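Next come the chains, spelled out residue by residue.
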Amino acid sequence: MTHRRHRLVPFFFLALALAPVLLLGVAPEVAAEVSAQVQLQTVSERDLHENLRAYGTVEFDPQGAQTLSLQAEALIQQVLVAPGQEIHQGEILLRLNPSSNDRQMLEQARINLRFAEEDLRRTESLLSRQLATNAQLATARQNRDKAAADYRALATRLAPLQGGVLRATGSGVITQVFAKAGDLVPAGQALMQVQKGRQMRVLLGIEAEDLAAVRVGDPVRVRSLQRGSAVVAGKIREIYAQVDPRTHLAQAVVSLPADSPFLPGSMVEAEIRLRTVHMLAVPDSAVLRQDGRPYAFIAVDGRAQRRWLELGPRAGRWLGVRQGLKAGEQVVTLGNYELHEHMRLRTSGAGS
């Protein structure tokens, strides 16, 4: 009896080992394999627009600026305008007076003219009595003409000051005011700067290494940094081939239309379209990142295979691929966040 019991022990333990498998009705070698439902996209070439993003400041275009000055020395009594103020033709900008020196010069010119006229009349009288010569008469006339010309020139130069005010000669916006009450301003010195019209520009800061890719005439889309701002189209007008020592950026000028909604001093974001390239491209949903490094999964024999990528320009939802993929390969565009290397794929059809 004891011998029979010993022979049954191995069969007992074998039955215990196979019990879970027999209960499930599945053999160990056919246990279910983990897979993921994905969507695929065929890698192909596309035309992509290479863009450069930059930031800058809106300002009045200096080409539309006018500097106001006087042809005579003046004493500023009162400044009636400030930067940013809109002005209209005929509006008083400054109250001022001619300097005492100019007033004395004008009075002296008037006296010189009166004496020259009296001398001419006397010479004409003497000539009529044959007490003067024709040469003396010619000299007297020349002296009178010169004194008259000197007086007219000085009077014309001081005419804007005679009313005690300086008026706007047209409409515009005051951009800078240099004069202050109490200043004795020499002739020709700038008093203020006026912007005629609403012509503005954007001064963009560009990384020095990107400057070589930017060309005059490149189209630019400009948007204010405020949410919901309209996009305004412009073009690169000038490129300054030097680096600003304060910002360490090179600068490019973008012309804006006169009806642009931006105010001077606004900060804007600009997208410069550099060129069009023909290259492999994938939807941006296909690209994942690990430690900042881009990669994608492709389908190889029904399994996921990771490919590290070197990306090119973006155009909408498409990303250019310089290295890492080949035309015709199937890249995973949906469900890729759940994948790991060699995972089996279940597809729901290729994207368009």
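Calculation rules
Residues numbered from 1 in each chain as written. Predicted model: local features only at pLDDT ≥ 70, side-chain atom pairs only at ≥ 80, totals over all residues. Heavy atoms only, no water. Core = buried A, V, L, I, M, F, W, Y, C linked by side-chain atoms within 4.5 Å. Buried < 20%, exposed > 50% of the residue type's maximum accessible area, 1.4 Å probe, protein only. Helix = DSSP H or I, 4+ residues; strand = E, 2+ residues; numbered from the N terminus. Contact = heavy atoms within 4.5 Å. Axes fitted to C-alpha atoms, helices over the stretch in contact; angles between N-to-C directions. Parallel < 35°, antiparallel > 145°, perpendicular 65-115°, else oblique. Left-handed = near helix turned anticlockwise from the far one by under 90°. Nonpolar A, V, L, I, M, F, W, Y, C, P; charged D, E, K, R; others polar. Phe/Tyr/Trp six-rings, centres within 6.5 Å; stacked < 30°, edge-to-face > 60°. Lys NZ or Arg CZ within 6 Å of the ring centre and 35° of its normal.

Chemist: Go over the nonpolar core, please, and point to the residues and values.
Modeler: Counting 24 residues, the largest nonpolar core has Val 202, Ile 206, Val 222 and Ile 272 as the members making the most contacts within it. Elements with a contribution of two residues or more to this core: strand 2 (44-60), strand 11 (200-206), strand 12 (219-224), strand 13 (231-243), strand 14 (250-255) and strand 15 (267-283). Val 202 has contacts with Gly 56, Thr 57, Val 58, Val 222, Ala 252, Val 253, Val 254, Leu 256 and Val 268, leaving out every residue within four places of it along the chain.

Chemist: Which residues make up the packing of helix 2 (residues 100-128) against helix 3 (residues 134-162), and what are the values?
Modeler: Between helix 2 and helix 3, the least distance of the axes is 8 Å, while the angle of their chain directions is 155°. If you check the angle between helix 2 and helix 3, you find them roughly antiparallel. Of the two elements, helix 2 crosses helix 3, and the hand of that crossing is left-handed. In terms of residue class, the contact of helix 2 with helix 3 is built from 15 nonpolar, six polar and eight charged.

Chemist: So what about the packing of aromatic side chains? Which residues, and what values?
Modeler: The geometry of two aromatic rings is summed up by the distance between their centres and the angle between their planes. Within this structure, the stated rule accounts for two aromatic pairs. Note on Tyr 295 and Phe 297: the rings are 5.8 Å apart at their centroids and 90° apart in plane angle, and the pair reads as edge-to-face. The exposure classification of Tyr 295 matches that of Phe 297, with both residues buried. With a centroid separation of 5.3 Å and 65° between ring planes, the pair formed by Tyr 295 and Trp 308 is classed as edge-to-face. Of this pair, Tyr 295 sits in strand 17 (residues 293-300) while Trp 308 sits in strand 18 (residues 303-308), and the two are 13 residues apart along the sequence. An aromatic cluster is present here, built from Tyr 295, Phe 297 and Trp 308 joined pairwise through their rings. When the ring centre of Trp 318 is taken as reference, the NZ or CZ atom of Arg 46 above it lies at 3.6 Å.

It is worth stressing that arrangement in space is one thing and function is another; only the former is reported here.
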